[in-house]
Structure formats: C-alpha cells, structure tokens
Amino acid sequence: MTTQTQSYAFADTMTMLRRNMIHAKRYPSMIFSIIIMPTVLMLIFNFVFGGALEKSSGGNYIDYLAPGMLLLLPAYMTVSVAVSIAGDASKGIVNRFRVMSISPSSMLTGKVLGSLLQAIGGMAAMTGVALLIGFRPTANVVEWIAALGLLTLVTFAFSWLAIALGLLSPTVESASNAPFPIVMMPFLGSGLVATDTMPVGLRQFAEYQPFTPITETLRGLLMGTEIGINGWVSLAWCVVIAGGGFFWSKSIFSKQAK
C-alpha cells in the first residue's frame with residue numbers, strides 16, 4: 001500500500017468516524033442505553049445489594065464493584081455497533097459505499113473508532129460517579145494509563161466482533177439480540193462477587209471466560225490487588241477476539257460484496 005493510498009484510507013476513515021458520531025448525536029436514546037445504563041446499574045448494585053455483598057468483597061464494596069462495572073461499557077457497546085452496521089446494511093447504505101471511491105474498510109474502521117470514543121466518554125462519566133459515591137482507587141498515573149489502555153483494547157476487540165455479528169444479522173432486531181451473550185458475561189464473572197462464592201458449574205465458567213481475568217487485571221491496576229498471570233491472559237483474550245473479529249468481519253464484508 002502506497003503512502004498516498006494510506007492517506008486516502010485514513011481520510012475516508014475519519015469521514016466515516018464523523019458520520020458515526022453525528023448519528024450517535026441524533027439518537028440520544030441509544031446513548032442513554034449504552035452509556036448511561038451501566039452507570040445506573042452500578043448505582044443499583046452498590047446501594048441496593050452492596051450491604052449484602054460487602055462481606056464477599058472484603059472491604060468497601062464500591063472499590064470492588066467499580067472496576068468490574070467499567071467493563072459493562074465495552075460489553076454494551078457491542079449492541080450499538082451491531083445495530084448500527086445492520087441498520088446501514090438493511091437500508092442499502094453498505095452497498096452504496098462499496099461502489100463509491102472510498103477505502104473498502106473505512107466504514108468498518110470508522111464504526112470501531114466511534115465506539116471507542118463513546119466508550120471512553122462513558123468510562124469517564126462512570127468513574128466520576130463512582131468517585132462521588134466512595135470509590136477510592138490507589139492507582140498512580142502509570143497504572144491509570146495502563147487501565148485506560150486495557151479498557152480501550154477490550155472495547156476495540158469486542159467492537160470488531162460486534163461488526164461481524166451485525167454483518168451476519170438479517171435485520172436490526174436480530175442484530176440487537178446477537179451480542180446478548182457478550183452483554184451478560186461481565187455479570188457472570190468476578191465483576192460483582194468473587195468467583196469462589198459461586199456454585200461449582202458457574203464458578204468454572206466464570207473463571208475461564210474472558211471478562212474475569214480482564215476484571216482482575218483492571219482491579220489490580222486500580223486497587224493494588226494481585227494481578228498474577230491475569231494480565232497476560234487478558235491481553236491474549238483481547239488479541240484473539242480482536243483478530244478473530246477483524247478477519248471475520250473482513251471476510252463477511254468481502255463475500256457480501258460479490
């Protein structure tokens with residue numbers, strides 16, 4: 001790929017990014033459900049169930065809860081991305097872009113970048129609310145940067161997977177349901193309670209699904225708890241999910257163009 005081609009691809013991606021951000025601004029209900037709802041759920045779990053669950057956390061429950069709840073945003077963003085790509089496909093916009101003189105992958109990349117920006121904004125808002133209700137992280141500047149990097153990587157990985165699910169979905173309604181297992185996974189890990197308090201079958205699932213090592217890594221960065229091998233396992237999951245989602249999306253996109 002020449003430098004000029006790369007420049008055109010970058011410009012096309014930025015154009016698609018602006019398009020996605022304008023669409024997000026026009027549909028505030030989607031922003032509420034994807035960005036505000038995780039914060040609302042954090043408040044509910046802290047104030048409604050926090051008293052009962054505090055014993056399992058071994059301290060201030062919001063300190064245990066907040067790192068896990070931050071991962072709701074990457075999970076919830078998969079719904080927005082899948083619905084958006086399926087909506088474009090059902091309206092014929094995807095086919096229109098294919099015949100235009102633009103980089104073929106710019107539409108997909110623009111959606112991923114748009115989801116990253118929205119998720120980072122939601123994470124900042126959730127962190128601010130958590131601090132107001134008693135969240136007291138012990139992280140230094142480097143650990144905060146590492147935590148943000150991990151959250152960005154997780155969002156990037158699951159956004160590519162969501163694009164594949166959206167491209168495969170025949171309707172917007174089916175696209176909104178396709179990421180449901182991803183949305184549920186943060187609840188079925190160590191985000192709310194320690195996995196050793198769960199029944200055997202559920203505990204085994206929780207310990208080996210991707211959100212648990214990611215949660216423990218994020219909690220370790222922000223609260224100083226032991227990370228162990230969870231950091232490497234988290235990075236491995238992100239690479240596998242991002243790579244699989246990217247190549248799957250590109251394959252579906254290319255096949256649909258024929």
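Let me sum up the structure you'll find in this document.

Calculation notes
In this numbering scheme, every chain counts its residues from 1 along its sequence in written order. Restriction of local features to residues with pLDDT of at least 70 applies here, the model being predicted, together with a cutoff of 80 or more for giving and counting side-chain atom pairs; totals for whole chains, interfaces and linings are based on all residues. With hydrogens and water set aside, each side-chain value is computed from the structure's full complement of heavy atoms. Only DSSP runs of H or I covering at least 4 residues are called helices, and only runs of E covering at least 2 are called strands; the numbering of each starts at the N terminus. To estimate the expected span of a helix, subtract one from its residue number and multiply by 1.5 Å. Accessibility here uses a 1.4 Å probe with only protein chains present; expressed as a share of the type maximum, an area under 20% marks a residue as buried, one over 50% as exposed, and anything in between as partly exposed. Axis lines are fitted through C-alpha atoms, for helices just across the contact stretch, and the angle between N-to-C directions can take any value from 0 to 180 degrees. For a crossing to be left-handed, the near helix must be turned anticlockwise from the far one by less than a right angle; the clockwise case is right-handed. Here, two residues are considered to be in contact whenever any of their heavy atoms come within 4.5 Å of each other. When residues are grouped by polarity, Ala, Val, Leu, Ile, Met, Phe, Trp, Tyr, Cys and Pro land in nonpolar, Asp, Glu, Lys and Arg in charged, and all others, Gly among them, in polar. Just so you know how the angles are binned, under 35 degrees is roughly parallel, over 145 roughly antiparallel, 65 to 115 roughly perpendicular, and the rest oblique. Residues belong to one nonpolar core when they are buried, are Ala, Val, Leu, Ile, Met, Phe, Trp, Tyr or Cys, and are joined through side-chain atoms within 4.5 Å. In protein, a polar contact means a hydrogen-donor-capable atom and an acceptor-capable atom, both N or O and within 3.5 Å, with residues adjacent in sequence counting only if both atoms are side-chain atoms; elsewhere, any N or O pair within 3.5 Å suffices.

Some details on helix α6 (residues 106–132)
Okay, step 1: The terminal C-alpha atoms of α6 lie 39 Å apart, and with 27 residues this matches the ideal 39 Å at 1.5 Å per residue to within 8%.
Okay, step 2: One or two residues past the end of α6 sits glycine 134, with phi positive at roughly 120 degrees.

Remarks on helix α3 (residues 61–70)
Okay, step 1: Judged by how many residues are buried, α3 sits mostly within the fold: ten of ten residues are covered.
Okay, step 2: When α3 is considered as a whole, its buried residues turn out to be Tyr61, Ile62, Asp63, Tyr64, Leu65, Ala66, Pro67, Gly68, Met69 and Leu70.

So, the packing of helix α4 (residues 72–90) against α6
Okay, step 1: Between α4 and α6, the shortest axis-to-axis distance is 10 Å and the interhelical angle comes to 145 degrees. Crossing hand, α4 versus α6: right-handed. Here α4 contributes Leu73, Pro74, Met77, Val81, Ser84, Ile85 and Asp88 to the contact with α6, which in turn contributes Met107, Leu108, Lys111, Ser115, Gln118, Ala119, Gly122, Met123 and Met126.
Okay, step 2: Class assignment of the residues belonging to the contact of α4 with α6 gives a composition of ten nonpolar, four polar and two charged.

Brief notes about the packing of α3 against α6
How two helices pack is summed up by the angle between their axes together with the distance between the axes.
Okay, step 1: Here α3 crosses α6 at 170 degrees, and the two axes come no closer than 10 Å. By the criterion of interaxial angle, the relationship of α3 to α6 is roughly antiparallel. Mapping the contact onto sequence places Ile62, Ala66, Met69 and Leu70 in α3 and Met123, Met126, Thr127 and Ala130 in α6.
Okay, step 2: Taken together, the residues of the contact of α3 with α6 break down into seven nonpolar, one polar and no charged.

What about the environment of serine 174?
Okay, step 1: Checked against the element boundaries, serine 174 lands in helix α8 (residues 172–177).
Okay, step 2: On the basis of relative accessible area, serine 174 is assigned to the partly exposed category, the value being 25%.

Some details on the nonpolar core
Burial of nonpolar side chains together is a common tendency in soluble globular proteins.
Okay, step 1: By size, the foremost hydrophobic cluster in this structure holds 49 residues, and its most contacted members are Leu65, Met69, Leu218 and Leu222.
Okay, step 2: Listed by contribution, the elements that provide at least two residues to this core are α2 (28–57), α3, α4, α6, α7 (141–168), α9 (180–184), α11 (211–223) and α12 (230–257).
Okay, step 3: Looking at this core element by element, the count peaks at eight residues for α7.
Okay, step 4: Ranked by size, the runner-up nonpolar core spans 13 residues in total, among them Val81, Leu108, Val112 and Phe253.

Observations regarding the side chain of serine 159
Okay, step 1: Note on placement: serine 159 falls in helix α7.
Okay, step 2: Side-chain polar atoms of serine 159 contact the backbone oxygen of threonine 155, separated by 2.7 Å.
Okay, step 3: For serine 159, the contacting residues outside a window of four places in its chain are Val81, Val112 and Ser115.

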